[in-house]
Amino acid sequence: MSKPSLLVLYGSQTGTAQDAAQRIARQAQRRQLQVQVLPLDNYNVANLISESLVVFVCSTTGQGDPPDNMTAFWRFIFKKSLPVGSLSRLDCAVLGLGDSSYPKFNYVAKKLHKRLLQLGAGMLLPAGLADDQHDLGSDAVTDPWLTSFWERVFALYPSLADVIPLREDEPLPPTYTFHFLDDVEEKTDDRLRIPTEQTAPSQSHPFPARLVSNRRVTDMSHFQDVRHIEFDVTGSSIEFAAGDVVMMRPCNTPEDVQQFCQLLRLDPEAMFTLRATDNTAVQARLPQPCTVRHLVESYLDIAAVPRRSFFELLSTFATNEMEQQKLVEFSSAAGQDELHSYCNRPRRTALEVLADFPHTTAEMKVDYLLDLFPEIQPRSFSIASSLQAHPHRLQVLVAVVHYKTKMCKPRRGLCSTWLASLDPAQGEVYVPQWVKKGSLKFPKEKDTPVIMVGPGTGVAPFRAALQERMADGKNANVLFFGCRSESKDFYFRSEWEAMMKTGHLTLFTAFSRDQEEKVYVQDQVRENAELLWDLIANRRACFYIAGNAKQMPTSVCDALKEVFQQEGGVSSEDASQMLATMERTGQFQSETWS
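These numbers come from a predicted model, not from an experiment.

> When you look at the UniProt feature "binding site: FAD" (unreviewed entry) in the chain in this model, what are you seeing that I'm missing?
With numbering aligned to this structure, UniProt lists the feature "binding site: FAD" (unreviewed entry) at R347, R379, S380, F381, S382, G413, L414, C415, S416 and W593. Of the residues just listed, which span 247 residues, the most distant C-alpha pair is 25.5 Å apart, and they do not cluster in one region. Among the structural elements, F381 can be located in strand β13 (residues 379-382). When you line up the elements, C415 lands in helix α13 (residues 414-421). Accessibility expressed as a relative area gives 3% for C415, which makes it buried.

Next comes the structure, spelled out in structure tokens:
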């Protein structure tokens, strides 16, 4: 059998699955195989019937949903009209990247594996189900899975045994080459151009929304800075409903951009064009020509905690013996515990790593920048307003992420810190954004009550829902809100009070630190068992949870099951079954984040 070409197709929301796909591609290149890597939605899925060797790498988002860049593929592959046996020529494997703290752990990979089998594909090995919760992260599953995958490929194509693989310390060619230009006028940044055509904004064509206000809504003495931010979306054709999310891409801080350019001895004002070294398309999000400053500020994710692949590539530039040994160790399977202690646990950034390896950083070639650093990923925020209450406006509630590790400098969330730093009083500020359908759907029927549990910033989508429902004359609304202190972080208090006065809202609060014994939203759920049972059992109320995915959602679900047992007189088993049925029919919905 002749040497195969390998196709690696990925569905990735945050870049982790893309990184794993690119790692598989590098391993294939070192084995002298022809390889192509593509997001699933960039691939013509009708060609799958004529492929011979494919690896699918996919993550799971939300409540068991496929990532955005594989939704079209997902719809196609599950068409009932596809004939059984249509993929009988295909040998393939599925690698899933998930997080076992979510109920639908690796749901997309499991479902895809099963579907490919139904369509007659030859599965080379069981689906790899990597878990971010493992002490060593997803590599704990990925490493042995890849070893097994290559063993299966070599068994299938014995001629590969004769190929002498490239050495691990030999750098592969860069994906792009930089061509620096002299005296070229910089183009205006297209991201800030108001689009004239009336198409809905999207990831490839975001709308530059003007920042109207950026207000801190927590008391200055409170440990956390939370912002209520408003954008003007006039002329954008942006539409959204309660439960939808807005997507934004942050920028790196000016200090980080400056330090990066100094470390790599790059002139931030230098202009360049990119050329692909093979048939890869040049990154559409980068203008041509582009300044180094724009590339570093808006594109390269230098403030993220680097993945193992970063160290693998960095080690190929090292000439200093000590630095090379350390980088090779961090790249190896045996060195993953060391790497976690150095990088993941203290949340050390890629920029800080470069500063720790000055000799290797000095040896780095600019052509490899886009191989070393992933693209800054968009962040999603629940929309906290309704167009019916605030026409042409879009509002969000953002907790500014800021915490200490053993590193001297506090760790900061890239997007929340960037948003908090924007000040419309200093001149007009525009933030490119687009809107996505969220996972929460609210009932259309006027008489269906809604029960919403939204502690902290989890209340954001419920504010949008309440504004929408009030405008539609839907008055059966119950909100459970929790925070630390009534005087410090009780978001939108005056709005809730006004809604209660007009009979649009029943509000239950839990201020966890305002008394000796901590009180949480789940305690208030138990406390109001009779009301909740009546609304759910007799009036078919819909129940919603939004907020942090740590303990809160599980605790609220447990409290709700206790309500069913206490008021409905059902067994523990039946209560669990009731909740499962509610979830299946959309009567119970949750949107949580870690």
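> I would appreciate a short explanation of the pairing of strand β3 (residues 53-59) in the present structure.
As a general feature of sheets, a regular strand has side chains that alternate between the two faces. Burial analysis of β3 places seven of its seven residues in the buried class, which makes it a mostly covered element. A two-sided burial pattern is seen for β3, the buried positions comprising L53, V55, V57 and S59 on one face and V54, F56 and C58 on the other. With five bridges joining them, strand β1 (residues 5-11) and β3 adopt parallel strand pairing. Bridging across to β3, L7 finds its partner in V54. One ladder, built from seven bridges, connects β3 with strand β4 (residues 91-98); its direction is parallel. Its bridge partner being in β4, S59 is matched across the sheet by L97. After leaving β3, the chain enters helix α2 (residues 71-77) and then returns to the sheet as β4, a path that is right-handed.

> I keep staring at the side chain of D232 and nothing clicks. Help me out?
Relative to the helices and strands, D232 is located in strand β9 (residues 226-232). At a separation of 2.5 Å, a polar atom in the side chain of D232 contacts the side chain of T234. Among all residues touching D232, those that are not within four sequence positions of it are F207, A209, R210, V212, H392 and R393.

> Even after reading the chapter, I still don't get unusual backbone geometry, so can you show me in this structure?
Keep in mind that most residues, glycine aside, have a negative phi and that most peptide bonds are trans. In this model, Q288 is joined to P289 through a cis peptide bond whose omega is -5°. In this structure, P289 sits in the loop between β11 (271-276) and β12 (290-291). Phi is positive for N106, close to 50°, though the residue is something other than glycine. Looking at where N106 falls in the secondary structure, it is placed in the loop between β4 and α3 (107-118). Using a relative accessible area of 1% as the deciding quantity, one classes N106 as buried. Non-glycine residue F492 carries a positive phi angle of around 60°. Among the secondary structure elements, F492 is positioned in the loop between β19 (477-483) and α15 (493-501).

> Quick question: what am I supposed to make of the pattern of salt bridges here?
Pairing is possible between side chains of opposite charge, provided their charged atoms come close. Under the criterion given, the structure shown has 30 salt bridges. Taking the shortest distance from any N to any O, the salt bridge between D523 and R526 comes out at 3.4 Å. Placement of both D523 and R526 in helix α16 (residues 521-527) is noted, with a separation of three residues, approximately one turn of the helix. On the basis of relative accessible area, D523 is assigned to the partly exposed category, the value being 28%. Each of the salt bridges in this network shares a partner with another, and the network as a whole consists of R23, R26, D139, D143, R308 and E312.

> I tried to follow the packing of aromatic side chains on my own but got confused; where do I start?
The geometry of an aromatic ring pair is captured by two quantities: the separation of the ring centres and the angle between the planes. On inspection of all chains with the given rule, the structure shows 25 aromatic pairs. Put simply, the rings of F260, F310, F311, F330, Y342, F357 and F373 pair up and form one aromatic cluster. The ring of W150 has R31 lying over it, and the distance from NZ or CZ to the ring centre is 4.5 Å. Sitting over the ring of F78, K111 keeps its end group 4.9 Å from the ring centre.

> What's the story with the side chain of R30 in this structure? I'm lost.
Of note, R30 is situated in helix α1 (residues 16-30). Among the polar contacts listed, one links the side chain of R30 to the backbone oxygen of R167, at a separation of 2.6 Å.

> In this structure, what is going on with the sheet that holds β12? I would like to understand it.
Consider a sheet: its strands pair through backbone hydrogen bonds, and that pairing is either parallel or antiparallel. On the basis of which strands lie adjacent, the open sheet formed by three strands has the order β7-β11-β12 and antiparallel pairing. In this open sheet, the two strands that pair with only one neighbour each are β7 (176-181) and β12. Examined bridge by bridge, β11 and β12 share two bridges and lie antiparallel to one another. Residue pairing across strands places F272 opposite C290, the latter belonging to β12.

> When you look at the sheet that holds β9 in this model, what are you seeing that I'm missing?
Strands sit in the order β13-β10-β17-β8-β9-β14 across an open sheet of six strands; the sheet is antiparallel. In this open sheet, the two edge strands, each paired with only one partner strand, are β13 and β14 (393-399). Geometrically, the sheet is characterised by an average inter-axis angle of 40° between neighbouring strands, direction not taken into account. Pairing of strand β10 (residues 245-248) with strand β17 (residues 430-436), which is carried by four bridges, proceeds in the antiparallel orientation. From the neighbouring strand, V246 faces β17, where its bridge partner is V435.

Procedures and definitions
Residues numbered from 1 in each chain as written. Predicted model: local features only at pLDDT ≥ 70, side-chain atom pairs only at ≥ 80, totals over all residues. Heavy atoms only, no water. UniProt positions renumbered as here; feature names shortened; annotations may be inferred. Helix = DSSP H or I, 4+ residues; strand = E, 2+ residues; numbered from the N terminus. Buried < 20%, exposed > 50% of the residue type's maximum accessible area, 1.4 Å probe, protein only. Pairing = 2+ DSSP bridges. Right-handed = clockwise from strand over helix to strand, strands pointing away. Polar contact = N/O pair within 3.5 Å; in protein donor to acceptor, adjacent residues only side chain to side chain. Contact = heavy atoms within 4.5 Å. Salt bridge = Lys/Arg side-chain N within 4 Å of Asp/Glu carboxyl O. Phe/Tyr/Trp six-rings, centres within 6.5 Å; stacked < 30°, edge-to-face > 60°. Lys NZ or Arg CZ within 6 Å of the ring centre and 35° of its normal. Axes fitted to C-alpha atoms, helices over the stretch in contact; angles between N-to-C directions.

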